[in-house]
Amino acid sequence: MKKFIQFIKNLFIFFCVAIVIGICVSYLLIIISNNLRFDVELDTFAPNVLTRVYDRNGELLGELFAEKRDIVSIDSIPKDLIYAVVSAEDQNFFEHNGFDVTAMLRAIIRDIQAMKFKEGGSTISQQLAKNMTLKTQKRMSRKIKEAFFTVKIEKKYSKMEIIELYLNQVYFGGPAWGVQEAAGYYFGKDAKDLNLAECSMLAGIIRVPAYYDPYKHFEKAKMRQNYVLKRMVEDGYITIEQAEEALKQEIIIKRKPSTPRKAEYFLDYIVKYLIDQYGYAKTFNGGLNVQTTLDLKIQEKAEEALRLANQRRIDEELPEIQGGIIVMDPNTGQILAMVGGLDYETSKWNRAVQAPRQPGSLFKVFLYTAYLDNGRGTLSDLWYDTPIAFPDIKVAIKEEEPDSNTMALSISDTELKSMTPEQLKEWEDAVADSLTDTSSEEIEDQVDFWIPTNYQNFSGIVNIRKAIQSSINLIAIKVTHSIGPELVVSYAYRMGIKSPLKPVMSVSLGSNEVNLLETVSAISCLPTGGWRNEPVAILSITDYKGKEYEKFIKKPKQVLDERTAFLMNYALMGVVQFGSGWRANIPGHQIAGKTGTTNNFTDAWFVGYTPDYICGIFIGNDDPSESLGDQEAGGKVAAPVWKDVMFDFLKDIEDPKKFNVPEDIVFREIDPTTGLLATQESKTKYLEAYIKGTEPTKYSDYSKKEETRSLEDKIELFKIKY
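Rules used throughout
Residues numbered from 1 in each chain as written. Predicted model: local features only at pLDDT ≥ 70, side-chain atom pairs only at ≥ 80, totals over all residues. Heavy atoms only, no water. Helix = DSSP H or I, 4+ residues; strand = E, 2+ residues; numbered from the N terminus. Buried < 20%, exposed > 50% of the residue type's maximum accessible area, 1.4 Å probe, protein only. Contact = heavy atoms within 4.5 Å. Areas by Shrake-Rupley, 256 points an atom, 1.4 Å probe, with all protein chains shown as cover. Core = buried A, V, L, I, M, F, W, Y, C linked by side-chain atoms within 4.5 Å. Pairing = 2+ DSSP bridges. Axes fitted to C-alpha atoms, helices over the stretch in contact; angles between N-to-C directions. Parallel < 35°, antiparallel > 145°, perpendicular 65-115°, else oblique. Nonpolar A, V, L, I, M, F, W, Y, C, P; charged D, E, K, R; others polar. Phe/Tyr/Trp six-rings, centres within 6.5 Å; stacked < 30°, edge-to-face > 60°. Polar contact = N/O pair within 3.5 Å; in protein donor to acceptor, adjacent residues only side chain to side chain. Left-handed = near helix turned anticlockwise from the far one by under 90°.

Draft legend 1. Expanded view of the overall build of the chain. Scanning the chain from terminus to terminus reveals 24 helices and 24 strands. Among the 722 residues that make up the chain, the fraction classed as buried is 53%. The contacts of the chain with a sequence gap of at least 6 include a subset with a gap of at least 24, amounting to 70%. Only carbon and sulfur atoms are counted for the fraction: they give 52% of the accessible area of the chain, which is about 33800 Å².

Draft legend 2. Molecular detail of the nonpolar core. Counting 84 residues, the largest nonpolar core has Phe 266, Tyr 368, Ile 464, Ile 475, Ile 523, Leu 526 and Leu 572 as its most contacted members. Formed by 48 residues, the second largest nonpolar core is a distinct cluster that contains Ile 153, Ala 176, Tyr 186 and Ala 191.

Draft legend 3. Focus on the environment of Phe 649. Here Phe 649 shows up in helix H22 (residues 639-651). When the C-alpha atoms of Phe 649 and Lys 297 are compared, they prove to be 9.5 Å apart, with 352 residues separating the residues in sequence.

Draft legend 4. Quick look at the pairing of strand E21 (residues 614-620). The buried fraction of E21 is high, at 7 of 7 residues. Judged by which residues are buried, E21 turns out to be covered on both faces: Ile 614, Gly 616, Phe 618 and Gly 620 on one side and Cys 615, Ile 617 and Ile 619 on the other are all buried. Looking at chain direction, strand E6 (residues 322-329) and E21 are connected through 7 bridges and run antiparallel. Residue pairing for E21: Gly 324 is matched across the bridge by Phe 618. Strand direction decides the pairing type here: strand E20 (residues 603-609) and E21, joined by 7 bridges, are antiparallel. Paired with Asp 603 across the two strands is Gly 620, which belongs to E21.

Draft legend 5. Structural context of the sheet that holds strand E16 (residues 538-543). If you walk across this open sheet you meet the 5 strands as E2-E1-E5-E16-E17, and the pairing is mixed. In the strand order of this sheet, the two ends are held by strand E2 (60-64) and strand E17 (548-551), each with one partner. Sheet twist, expressed as the mean angle between neighbouring strand axes with direction ignored, is 10 degrees. With 3 bridges joining them, E16 and E17 adopt antiparallel strand pairing. Across the sheet, Thr 542 pairs through a bridge with Glu 548, a residue of E17. The strands that helix H11 (residues 264-285) touches are strand E1 (51-54), E2, strand E5 (288-292), E16 and E17; relative to E2, the one it contacts most, it runs at about 35 degrees.

Draft legend 6. Highlighting the packing of helix H8 (residues 196-205) against helix H9 (residues 218-234). One way to put it is that H8 packs onto H9 with a least axis distance of 8 Å and a crossing angle of 105 degrees. One finds that H8 runs roughly perpendicular with respect to H9. Judged by residue contacts, Leu 196, Ala 197, Ser 200, Met 201, Ala 203 and Gly 204 of H8 engage Phe 218, Ala 221, Lys 222, Arg 224, Gln 225, Val 228, Leu 229 and Met 232 from H9. For the contact of H8 with H9, the residue count by class is 9 nonpolar, 3 polar and 2 charged.

Draft legend 7. Seen up close, the pairing of E20. With 7 of its 7 residues buried, E20 lies for the most part within the structure. Burial of the side chains of E20 extends over both faces: Asp 603, Trp 605, Val 607 and Tyr 609 are buried on one face and Ala 604, Phe 606 and Gly 608 on the other. One ladder, built from 6 bridges, connects strand E19 (residues 592-597) with E20; its direction is antiparallel. Bridge pairing in E20 links Gly 596 to Trp 605. Once E19 ends, the chain turns through 5 residues before running back antiparallel as E20, passing Asn 600 with a positive phi of about 60 degrees. Linkage of E20 to E21, two consecutive antiparallel strands, is achieved through a turn of 4 residues.

Draft legend 8. Quick look at the sheet that holds strand E24 (residues 686-691). Spatially, the 3 strands line up as an open sheet ordered E23-E22-E24, and their pairing is antiparallel. Edge positions in the sheet fall to strand E23 (676-677) and E24, since each has one partner strand and no second. The strands that helix H20 (residues 562-577) touches are strand E22 (665-671) and E24; relative to E24, the one it contacts most, it runs at about 160 degrees.

Draft legend 9. Expanded view of the packing of aromatic side chains. If you walk through the whole model with that rule in mind, you get 20 aromatic pairs. Consider the rings of Tyr 278 and Tyr 549, whose centres lie 5.9 Å apart with planes at 85 degrees: the pair is edge-to-face. On the criterion of sequence distance, the pair formed by Tyr 278 in helix H11 and Tyr 549 in strand E17 is long-range, its members being 271 residues apart. When its relative accessible area of 25% is taken as the criterion, Tyr 549 is described as partly exposed. Where Tyr 280 meets Phe 284, the ring centres are 4.5 Å apart and the plane angle is 35 degrees; that geometry is what we call tilted. Pair noted here: Tyr 280 and Phe 284 are both in helix H11, with a separation of 4 residues, about one helical turn. By relative accessible area, which is 52% here, Tyr 280 ends up exposed. Cluster of aromatic residues (ring-pair linked, three or more members): Tyr 185, Tyr 186, Phe 187 and Tyr 215.

Draft legend 10. Just H8, in detail. Burial of H8 is extensive: 10 of the 10 residues sit out of reach of the surface. For H8, every residue scored as buried is listed here: Leu 196, Ala 197, Glu 198, Cys 199, Ser 200, Met 201, Leu 202, Ala 203, Gly 204 and Ile 205. Looking at the buried residues of H8, the elements they touch are helix H2 (79-89), strand E3 (171-173), helix H7 (179-187), H9 and helix H10 (240-248). Residue Asn 195 occupies the N-cap position of H8, its side-chain oxygen lying 3.1 Å from the main-chain nitrogen of Ala 197.

Draft legend 11. Structural detail: the packing of H9 against H10. Where H9 meets H10, the closest approach of the two axes is 9 Å, and the angle between their N-to-C directions is 165 degrees. One way to sum up the angle between H9 and H10 is to call them roughly antiparallel. H9 and H10 meet at a crossing whose hand is right-handed. Every residue of H10 that contacts H9 at Lys 222, Gln 225, Asn 226, Leu 229 and Val 233 is listed here: Ile 240, Ala 243, Ala 246 and Leu 247. Class assignment for the residues of the contact of H9 with H10 results in 6 nonpolar, 2 polar and 1 charged.

Dropping the structure here:
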């Protein structure tokens, strides 16, 4: 009896000690679990999800990913797939708390027999823990960490939430991460459309994807499918009849058509922005939904227009070309189209953004904007288009603008401003005498000064409007001298040019290099009445959970007086109606624009705009020394491309907008030969625009005709004064 009582006491003590030890161990495990550092945190965990980029209307442009994974909700996953995966991977999933002791003991015995970690015996929760921590090493320390993380998963999520996370995270082989991508990769459909036969085969792949890959080992995949179906019958998820029918059903292995990438130069532009703002991981793994400003219809038209321009040259037996196109909404700065070249696969160099080139006479837009905005003159001012020479200036480039019958050489301004009118006249006379039999290049070899010359002949007295319309280089040079090249550069920067500019006399002829995007963006402040919007390519960015990262907000900045902007619009409309840009004209629309051509016809430019659209065209060769061909100037090469891009969109507008006319703008009938108010004696007349207070008040007096038109007496003067 005493022995029995002693046994009971010992047993009681044993259980008490065991309970105390259990409590201590449990407490210790809780402390360890709470303080253990994991590779990820459950509260902030996000799987690697592909990023999608859309146009402004929701059309998919392309997908960005490191792991091609698309997240779907549990409601979009067939029940058959859930049960197939449970039967194949963890038949006690719905009963255990994260660990299957029987499976673990079986795995331990096999690992001991093999003297290495051969079989994990992991549950779905444990596999999810391993996948979430992104570690696959089979080390004991790793297993301990995964065990603790499994406990956290089971405490935080329901069973259906765990299976949802697992099926979206698990690797199915090939490029397929997650059930949605796997369904598309193996069966060409979405996960929600999978049948029992496909679900059972897909569930069987998970164990060893390379071994059960139905593309390479279809028979092995069928054997594994048979195993999964039998397990599903044993677990009571399906009947024998359903299993037999599924096993007999034909399975067609085919890939879902890959998503074609559209507007690839623009996509690269977007990717660079995303990486700069959010980093590589967020860009390719963050599951972002990026809605861009691009309009795919306009983009496709722009791409077609560049190809058509190249085909026209081939038909004319001219060398092929490259080029860039930018279409923007000037009222918001939103980029509607971006073409960086003829073929992205051939060359990924984006010529709309990455190709700084000389813009030629297109840069005169900034010159005359500065001239008008500073009260230096009006559009009806008369200037002499006559020879002039600048001393001690080295030749840099030569620009040709055949549509205006002018040609000039780019220079650096050193001593020009110290010259007296008498000195200038002395050089001009020498140049004029030598022009008869000697080319400008020969003169440059004989004298030590820069000589801008006319392409064929001089126009004599012309007004600023005519100088802009016909892109007369000599007038541009004289106006630049009058206001100073520094002022021209300052206006280019103010309007939006970002590239470094040298304030030299040739600046207005486009001797500095700029890219197409910044040029279009800078000129876009004209149709808006002097308000500039920075170019923007993104409307919004959210992730797959709906978190908003970015949303477009319009931030206009006034950079010009609205009256100056209108005067430039009014003058540049003349370029399209009567000048070098006539090939871009579309009847019924107010279109303003400017052409540009560089030395030896290597680059051709045209930037044109309406109140709602601005489109810039650059045509050239990747080798800047290679000519487009004789007379292949901006008006001939680039302006028709502009019309090809914009015609279909503009022709369907029933009531086209017109440029806004500010209140302080007045119109007067002008005699172009005098720049004064027209009279009955005026043989020709036109309607000119002025800022109120700057309009001429005198009428033309033809009794002074000979005096005002005498070039010989007034050749030293740049501007005619009445």
